[in-house]
Amino acid sequence: MTALAALENHLRRKHGDQEPYAVADAVAQMVRFRETVEPNAEWQEAYVKGLRKFEKAAGIKKRH
């Protein structure tokens, strides 16, 4: 999203348009929400394993 906003700002300035284009503008243009998908209780173990794997890869340490 940041790269899109930067490119859009560059192209706008190149064409003389000084109207800023923010990351939030890119998000609003590209992200569309559909109905809510509730978690499947039967998949809880997979969710927990995936979260632990993500936290380890991202270097996130839990606070107790």
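Please read all numbers here as calculations on a predicted model, not as lab measurements.

About the criteria used
Residues numbered from 1 in each chain as written. Predicted model: local features only at pLDDT ≥ 70, side-chain atom pairs only at ≥ 80, totals over all residues. Heavy atoms only, no water. Helix = DSSP H or I, 4+ residues; strand = E, 2+ residues; numbered from the N terminus. Patch = residues over 30% accessible without salt bridge, like charges linked within 9 Å, V, L, I, M, F, W, Y side chains within 5 Å. Areas by Shrake-Rupley, 256 points an atom, 1.4 Å probe, with all protein chains shown as cover. Salt bridge = Lys/Arg side-chain N within 4 Å of Asp/Glu carboxyl O. Phe/Tyr/Trp six-rings, centres within 6.5 Å; stacked < 30°, edge-to-face > 60°. Expected span 1.5 Å × (residues − 1). Buried < 20%, exposed > 50% of the residue type's maximum accessible area, 1.4 Å probe, protein only. Arc of directions from axis to C-beta. Polar contact = N/O pair within 3.5 Å; in protein donor to acceptor, adjacent residues only side chain to side chain.

**Topic: the environment of Ala22**
In step 1: Structurally, Ala22 can be placed in the loop between helix H1 (2-14) and helix H2 (23-30).
In step 2: As a C-alpha pair, Ala22 and Arg34 span 12 residues in sequence and 23 Å in three-dimensional space.

**Here's the deal with a nonpolar patch on the surface**
In step 1: Nonpolar side chains collect at one region of the surface, where Met1, Val23, Val27, Met30, Val31 and Phe33 lie side by side and expose about 560 Å² of accessible area between them.
In step 2: The topology assignment puts Val27 in helix H2.

**Comments concerning the packing of aromatic side chains**
Each aromatic ring pair is summarised here by two numbers: the centre-to-centre distance and the angle between the ring planes.
In step 1: Evaluated as defined, the whole model comprises 1 aromatic pair.
In step 2: Here Trp43 and Tyr47 contribute two aromatic rings whose centre-to-centre distance is 6.5 Å and whose plane-to-plane angle is 75°, an arrangement assigned as edge-to-face.

**Brief notes about H1**
In step 1: Here H1 spans 18 Å end to end across 13 residues, near enough to the 18 Å set by a 1.5 Å rise per residue.
In step 2: Those residues of H1 that fall on the buried side of the exposure criterion are Ala5, Asn9 and Arg12. Considered in projection along H1, the buried side chains sweep an arc of 65° and stay on one side of the axis. Residues of H1 that are exposed and point more than 90 degrees away from the buried face comprise Ala3 and Lys14.
In step 3: Two residues or fewer past H1, Gly16 is found with a positive phi of approximately 85°.

**Here we look at the side chain of Arg12**
In step 1: Relative to the helices and strands, Arg12 resides in helix H1.
In step 2: The buried category is assigned to Arg12, whose relative accessible area is 19%.

**Focus: the environment of Asn40**
In step 1: Its location among the elements puts Asn40 in the loop between H2 and helix H3 (44-58).
In step 2: Given a relative accessible area of 28%, Asn40 falls into the partly exposed group.
In step 3: Each C-alpha atom, one on Asn40 and one on Val23, is 32 Å from the other, the two residues being 17 residues apart in sequence.
In step 4: A polar contact of 2.9 Å, which involves the side chain of Asn40, links it to the backbone nitrogen of Glu42.

By themselves, these figures tell us nothing about what the structure is for.
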